[in-house]
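Topology and contacts: notes
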Amino acid sequence: TQSTRPQRLLSAVQKNATRGDPCSVVKAIDQFCRSKEWAMNVGDEKGCILDSVVSELNPTTVLELGTYCGYSTVRIANLLPPHAKLITLEFNPDFAAIARQVIAWSGLEEKVQLVEGASGDLIPKIKQDFGVQTFDLVFLDHWKDRYLPDTKLMEACGLLRKGSILLADNVICPGTPDYLEYVRSSPRYESQYFKSHLEYTKVEDGLEKSVFLG
Ligand code: SAM
Ligand code: MG
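One structure accompanies this document, and this report is about it. Every residue gets a number counted from 1 within its own chain, in the order that chain's sequence is written. Here chains are named by letter from A upward and ligands by number from 1 upward, in the order in which they appear as written. Side-chain atom pairs in this predicted model are given and counted only at pLDDT of 80 or more, local residue features only at pLDDT of at least 70, and totals for whole chains, interfaces and linings cover all residues. Hydrogens and water molecules were not included; the side-chain quantities draw on all heavy atoms of the structure.

1. Things to note about the overall build of the chain
Basically, it comes down to this: Helix and strand definitions here come from DSSP, where helices need a minimum of 4 consecutive H or I residues and strands a minimum of 2 consecutive E residues; each element is numbered from the N-terminal end. Radius of gyration means the value over C-alpha atoms here, while the globule rule gives 2.2 Å times the residue count to the 0.38 power. In this description, contact between two residues means that some pair of their heavy atoms is separated by no more than 4.5 Å. The Shrake-Rupley method, run with a 1.4 Å probe sphere, supplies the accessible areas, and residue values consider only the shown protein chains as cover. Positive charges come from Lys and Arg, negative ones from Asp and Glu, while His and the chain ends are left out of the count. A charged residue contributes its charge at one atom only: NZ of Lys, CZ of Arg, CG of Asp or CD of Glu.
Looking only at helices and strands, the chain features 10 helices and 7 strands. Relative to the 2.2 N^0.38 estimate, which gives 17 Å for 214 residues, the radius of gyration of the chain is 16 Å and therefore close to what a compact globule would have. Based on the C-alpha atoms only, the size of the chain along its principal axes is roughly 50 × 40 × 35 Å. A separation of at least 24 residues holds for 72% of the contacts in the chain among residues at least 6 apart in sequence. Roughly 9700 Å² of accessible area belongs to the chain as shown, and the carbon and sulfur atoms make up 52% of that amount. Computed over 24 positive and 28 negative side-chain charges, the inter-centroid distance for the chain is 2 Å.

2. So, the pairing of strand β2 (residues 85-90)
Selection rule: Note on classification: 1.4 Å probe, protein chains only; a residue is buried when its accessible area is under 20% of the maximum for its type, exposed when over 50%, partly exposed between these limits. Strands qualify as paired when DSSP identifies two bridges or more between them. The definition of a right-handed crossover adopted here requires that, viewed with the strands pointing away, the path from the first strand over the helix to the second runs clockwise.
The buried count for β2 comes to 5 of 6 residues, which makes it a mostly enclosed element. Pairing between strand β1 (residues 61-65) and β2: 5 bridges, direction parallel. What sits directly across from Leu 63, in β2, is Ile 87. Taking the sense of rotation as the criterion, the β-α-β connection linking β1, helix α4 (residues 71-78) and β2 turns out right-handed. Where β2 and strand β3 (residues 112-116) come together, 5 bridges link them in parallel fashion. Across the sheet, residue Glu 90 finds its bridge partner in β3, namely Glu 116. As for the winding sense of the linkage, the β-α-β connection from β2 through helix α5 (residues 93-106) to β3 is right-handed.

3. Focus on helix α8 (residues 147-156)
Test applied: Along the arc lie the directions from the helix axis toward the C-beta atoms.
Turning to α8, its buried residues are Tyr 147, Leu 148, Asp 150, Thr 151, Met 154 and Glu 155. Taken around the axis of α8, the buried residues stretch over an arc of 165°, which confines them to a single face. Just beyond α8, the residue with positive phi is Gly 158, at close to 70°.

4. Here we look at the coordination of the magnesium ion (ligand 2)
Cut-off, in case you're wondering: Sodium, potassium and calcium take a 3.2 Å donor cutoff, other metals 2.8 Å, and in both cases only N, O and S atoms count; water is not among them, so sites may look incomplete.
Here the magnesium ion (ligand 2) is held by the protein donor atoms Asp 141 (OD), Asp 169 (OD) and Asn 170 (OD1), which lie 2.1 Å from it. Between consecutive donor residues of the magnesium ion (ligand 2), the sequence gaps follow D-x27-D-N. One end of the pair, Asp 141, is in the loop between β4 (135-140) and α8; the other, Asp 169, is in the loop between β5 (160-168) and α9 (171-175), and 28 residues separate them in sequence. A residue is classified by how much of its surface remains accessible, and Asp 141, at 12% relative accessible area, is buried.

5. Some thoughts on the packing of helix α1 (residues 5-16) against helix α2 (residues 22-35)
Counted only if it meets this: To get an axis, a line is fitted to the C-alpha atoms, and for a helix only the part in contact is used. The angle between two axes follows their N-to-C directions and goes from 0 to 180 degrees. These descriptions rest on fixed angle ranges, namely under 35 degrees for roughly parallel, over 145 for roughly antiparallel, 65 to 115 for roughly perpendicular, and the rest for oblique. Crossing chirality is assigned from the near helix's rotation relative to the far helix, an anticlockwise turn below a right angle marking it left-handed and a clockwise turn marking it right-handed. Each residue is assigned to one class: nonpolar for Ala, Val, Leu, Ile, Met, Phe, Trp, Tyr, Cys and Pro, charged for Asp, Glu, Lys and Arg, and polar for all the others, Gly among them.
Interaxial distance between α1 and α2 falls to 9 Å at its minimum, and their mutual angle equals 130°. With respect to each other, α1 and α2 are oriented oblique. Remark: the crossing between α1 and α2 carries right-handed chirality. Along its contact with α1, which presents Arg 5, Arg 8, Leu 9, Ala 12, Val 13 and Asn 16, the element α2 presents Val 25, Ala 28, Ile 29, Phe 32 and Cys 33. Along the lines of polarity and charge, the residues of the contact of α1 with α2 split into 8 nonpolar, 1 polar and 2 charged.

6. A short note on the side chain of Thr 88
Applicable threshold: For this analysis, a polar contact is any N or O atom pair within 3.5 Å, provided that within protein one partner can donate a hydrogen and the other can accept it, and provided that sequence-adjacent residues contribute only side-chain to side-chain pairs.
Mapping Thr 88 onto the fold places it in strand β2. Since its relative accessible area comes to 0%, Thr 88 is described here as buried. Here Glu 64 takes part through its side chain, which lies 2.6 Å from a polar atom of the side chain of Thr 88. Contacts of Thr 88, omitting those with residues within four sequence positions, involve Glu 64, Gly 66, Thr 67, Thr 73, Val 112, Gln 113, Leu 114 and Val 115.

7. Brief notes about the sheet that holds strand β6 (residues 189-197)
The 7 strands lie next to each other as β3-β2-β1-β4-β5-β7-β6, forming an open sheet whose pairing is mixed. Looking at the sheet topology across the chains shown, the edges are occupied by β3 and β6. Between one strand axis and the next, the sheet turns through 15° on average, direction left out of account. Strands β2 and β3 of the sheet are contacted by α5, whose axis makes an angle of about 170° with β3.

The following block contains the structure:
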């Protein structure tokens, strides 16, 4: 039977990364994606921007939309303080199974709750099921046409507080025009673009950081 890209990515982690060393996991995945097969991780270049936003904010509650193989999950969780919690949502069970192993290899299971399901179904249940009141940081990196409806859903569910930060990946490539227009024109957000490149390429892409003003 043929293996899938996520399975090959996991094998590269198991072969080249040290158990319990998140940085070596990130490095092994970046190396695999640069030298062997492109994959839709936020990647090393935009990953540095993600890291600086996480470090500066030092968040206690983080929501990630779109786990894939857990690359960004590991990057974020590695920078969180001990008591912090990262909830990450993934609706593809094959990707979720790989991500669980990547997160475990990093030794970060304690900080991460991977929930399988569609964001539109799970967001309304977060307060009740996961005991989180509001998120300090939300990383949006799932399907691009879901950024805007899920942002409005998070607002409606009261998951954002004054000062919550939305960090959206791929706002240029593949692009999220309706979302960008919304956060840039709404008086409820203060929004800023961080120019970079699509993961593992020279194509322009970037992250949009938007502060919810309440
Ligand atoms: N954040 C990951 C990283 O940087 O390592 C990459 C995530 S990948 C670009 C997007 C993922 O979102 C895919 O694995 C896809 O299955 C998942 N996804 C897309 N729409 C979703 C939704 N509505 N709910 C949950 N997961 C979703
Ligand atoms: Mg992305």
